[in-house]
Amino acid sequence: MYTPHPDRYADMPYRRTGRSGLKLPALSLGLWHNFGPDRPVDVQRAILRRAFDLGVTHFDLANNYGPPPGAAESALGDALKADFGHHRDELVISTKAGYLMWPGPYGEWGSRKYLLSSLDQSLGRMGLDYVDIFYSHRPDPETPLEETMGALHSAVQQGKALYVGVSNYSAEQTREAARILAELGTPLLIHQPRYSMLDRRPEDEGLLDALDELQVGSIAYSPLEQGLLTGRYLNGIPEDSRAASDSPFLSADTVTEDLVGRLRTLDEIAKSRGQSLAQLALAWVLRGGRVTSALVGASSPRQLEDSVAAIGNLDFGEDELARIDALVKV
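Worth saying up front: this structure is predicted, and the values here are computed from it rather than measured. (Residues numbered from 1 in each chain as written. Predicted model: local features only at pLDDT ≥ 70, side-chain atom pairs only at ≥ 80, totals over all residues. Heavy atoms only, no water.)

**Observations regarding the overall build of the protein chain**
Next up, step 1: Of regular secondary structure, the protein chain possesses 11 helices and 10 strands.
Next up, step 2: Rg of the C-alpha trace for the protein chain: 19 Å, near the compact-globule value of 20 Å for 330 residues, within the 12% margin.
Next up, step 3: Along the longest, intermediate and shortest principal axes, the C-alpha atoms of the protein chain span 50 × 50 × 40 Å.
Next up, step 4: Out of the 330 residues belonging to the protein chain, those deemed buried represent 56%.
Next up, step 5: Here the contacts in the protein chain between residues at least 6 apart in sequence split such that 75% fall between residues at least 24 apart.
Next up, step 6: As displayed, the protein chain has an accessible area near 14,400 Å², and 49% of this comes from carbon and sulfur atoms.
Next up, step 7: Positive and negative side-chain charges of the protein chain, numbering 33 and 45 respectively, have mean locations separated by a distance of 3 Å. (Helix = DSSP H or I, 4+ residues; strand = E, 2+ residues; numbered from the N terminus. Rg over C-alpha atoms; globule rule 2.2 N^0.38 Å. Buried < 20%, exposed > 50% of the residue type's maximum accessible area, 1.4 Å probe, protein only. Contact = heavy atoms within 4.5 Å. Areas by Shrake-Rupley, 256 points an atom, 1.4 Å probe, with all protein chains shown as cover. Lys, Arg positive; Asp, Glu negative; His and termini not counted. Charge placed at Lys NZ, Arg CZ, Asp CG, Glu CD.)

Now the structure itself:
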């Protein structure tokens, strides 16, 4: 029987999410990959246990995570029942709906019918009465935002979610979503954007500024840019890497000689800080406190430990930031 480490809260920083009372760990565990039937169950369980032992109290999912869709939620549900039954109130569990989940006109996007049906299915897979955060995973260009935000509000009113968030929304869409939710009486808690040293759109397009103004939290996904900001690509494309596969998230064309050269220089900066390239990338996303939490995936407990070690040095000098900007803002 799993017994959590007694000092699990000793080292992890917890950051307040916007103006809410909810704090999130600086690093959260995303179950986007590695939590499906193609992965050993004992490894999945070991990752979740190690995460909790290290103070990672937030597990982030979506209805379509797997593969196949729904598999990650089912895997977490089994783990919650086996290992975390007495620790539910120490965990923040989030899920999302927005991408294709089942066939037909009601299986994706942002209608009230889809979002609330999806949430019921997610709760069933995880064996939960509620999630802590329920997200609209992407804006729907054909459904009024009032309907999508109204569905999130209803989830809270029905006791099926404690907080609500959005993901992949622009700054303008986020402002409007926050306005609608405020009028309904359910504040927008958090935004989940893609953000990394190599993807600066939340800065460049004003999203981080909007979140600051709205006092809404943020949790960055893909802070390691699908593995580019790790040591895997410092010598080109490994045969067993994501870029060498048919992954829709990272193509071999992306890994140019110029990029590899810049990654090697970033790795040198990381070493001068006593960090790996991945730890540098995570620390950079968390710098200054503008981002509440960074989402990391893990294929093993050791990989998770390496990511969590990034919290040991989250401070940057102006010269370091300038050197990094010179490398990634090209």
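**Overview of the packing of aromatic side chains**
Next up, step 1: One pass over the structure, following the stated rule, counts 7 aromatic pairs.
Next up, step 2: Judged by centre distance (5.3 Å) and plane angle (55°), the rings of W102 and Y114 are tilted. Within this pair, whereas W102 is found in the loop between β5 (92-97) and α3 (112-126), its partner Y114 is found in helix α3, the two being separated by 12 residues in sequence.
Next up, step 3: One aromatic cluster in this structure is built from Y2, F52, F59 and F84.
Next up, step 4: We note K96 situated over the ring of Y135; from NZ or CZ to the ring centre the distance is 5.6 Å.
Next up, step 5: Between the NZ or CZ atom of K113 and the centre of the ring of Y106, over which it lies, the distance is 5.4 Å. (Phe/Tyr/Trp six-rings, centres within 6.5 Å; stacked < 30°, edge-to-face > 60°. Lys NZ or Arg CZ within 6 Å of the ring centre and 35° of its normal.)

**What about the nonpolar core?**
Next up, step 1: Formed by 91 residues in total, the largest nonpolar core has its most connected members in L29 and L266.
Next up, step 2: Among the elements that take part in this core, helix α9 (residues 277-286) stands out by supplying 9 residues, more than any other.
Next up, step 3: Sequence-distant contacts of L266, defined by excluding residues within four places in its chain, comprise M197, L229, L277, L280, I324, L327 and V328.
Next up, step 4: In this structure, I133, Y135, I219 and L295 belong to the second largest nonpolar core, which totals 10 residues. (Core = buried A, V, L, I, M, F, W, Y, C linked by side-chain atoms within 4.5 Å.)

**Side note on the side chain of S293**
Next up, step 1: With respect to the helices and strands, S293 occurs in strand β10 (residues 293-296).
Next up, step 2: Residues within four places of S293 in sequence aside, it is in contact with L24, P25, A26, L27, S28, S218, I219, A220 and L286.

**A short note on helix α7 (residues 207-214)**
Given 3.6 residues to a turn, an α-helix orients residues that are three or four positions apart in the same direction.
Next up, step 1: Residues L207, L208, A210 and L211 constitute the buried set of α7. Buried residues of α7 fall within an arc of 160° about the axis and therefore sit on the same side.
Next up, step 2: Taken together, the buried residues of α7 touch α5 (171-184), β8 (188-192), α6 (201-204) and β9 (217-220).
Next up, step 3: Phi turns positive, to about 60°, at Q215, one or two residues after α7. (Arc of directions from axis to C-beta.)

**Observations regarding the pattern of salt bridges**
If the charged atoms of two oppositely charged side chains come close together, the side chains can form a pair.
Next up, step 1: A full pass over the atoms with the stated rule returns 23 salt bridges.
Next up, step 2: The shortest N-O distance in the salt bridge between K96 and D60 comes to 2.7 Å. Taken together, the residues K96 in strand β5 and D60 in strand β4 (residues 58-60) connect sequence positions 36 residues apart.
Next up, step 3: Relative accessible area serves as the criterion here: at 1%, D60 is assigned to the buried category. (Salt bridge = Lys/Arg side-chain N within 4 Å of Asp/Glu carboxyl O.)

**A few points about the sheet that holds strand β7 (residues 161-167)**
Next up, step 1: Taken together, 8 strands build a closed barrel; the order of strands is β3-β4-β5-β6-β7-β8-β9-β10 and the barrel is parallel. Between one strand axis and the next, the sheet turns through 30° on average, direction left out of account.
Next up, step 2: Strand direction decides the pairing type here: strand β6 (residues 131-136) and β7, joined by 5 bridges, are parallel. Paired with S136 across the two strands is V166, which belongs to β7. (Pairing = 2+ DSSP bridges. Axes fitted to C-alpha atoms, helices over the stretch in contact; angles between N-to-C directions.)

**Here's the deal with unusual backbone geometry**
Next up, step 1: For the bond running from G66 to P67, omega is -5°, close enough to zero to count as cis.
Next up, step 2: On the secondary structure map, P67 appears in the loop between β4 and α2 (71-83).
Next up, step 3: A cis amide bond, omega -10°, links P67 with the succeeding residue P68.
Next up, step 4: With respect to the helices and strands, P68 occurs in the loop between β4 and α2.
Next up, step 5: In this structure, S222 is a non-glycine residue whose phi angle is positive, near 55°.
Next up, step 6: When its relative accessible area of 9% is taken as the criterion, S222 is described as buried.
Next up, step 7: A positive phi angle is found at Q226, which is not glycine, with a value near 55°.
Next up, step 8: Structurally, Q226 can be placed in the loop between β9 and α8 (257-272).

**Quick look at the environment of L327**
Next up, step 1: On the secondary structure map, L327 appears in helix α11 (residues 318-328).
Next up, step 2: For the pair L327 and L198, spaced 129 residues apart in sequence, the C-alpha to C-alpha distance is 9.4 Å.
Next up, step 3: Not counting residues within four places of it along the chain, the set of residues in contact with L327 comprises R262, T265, L266 and I269.

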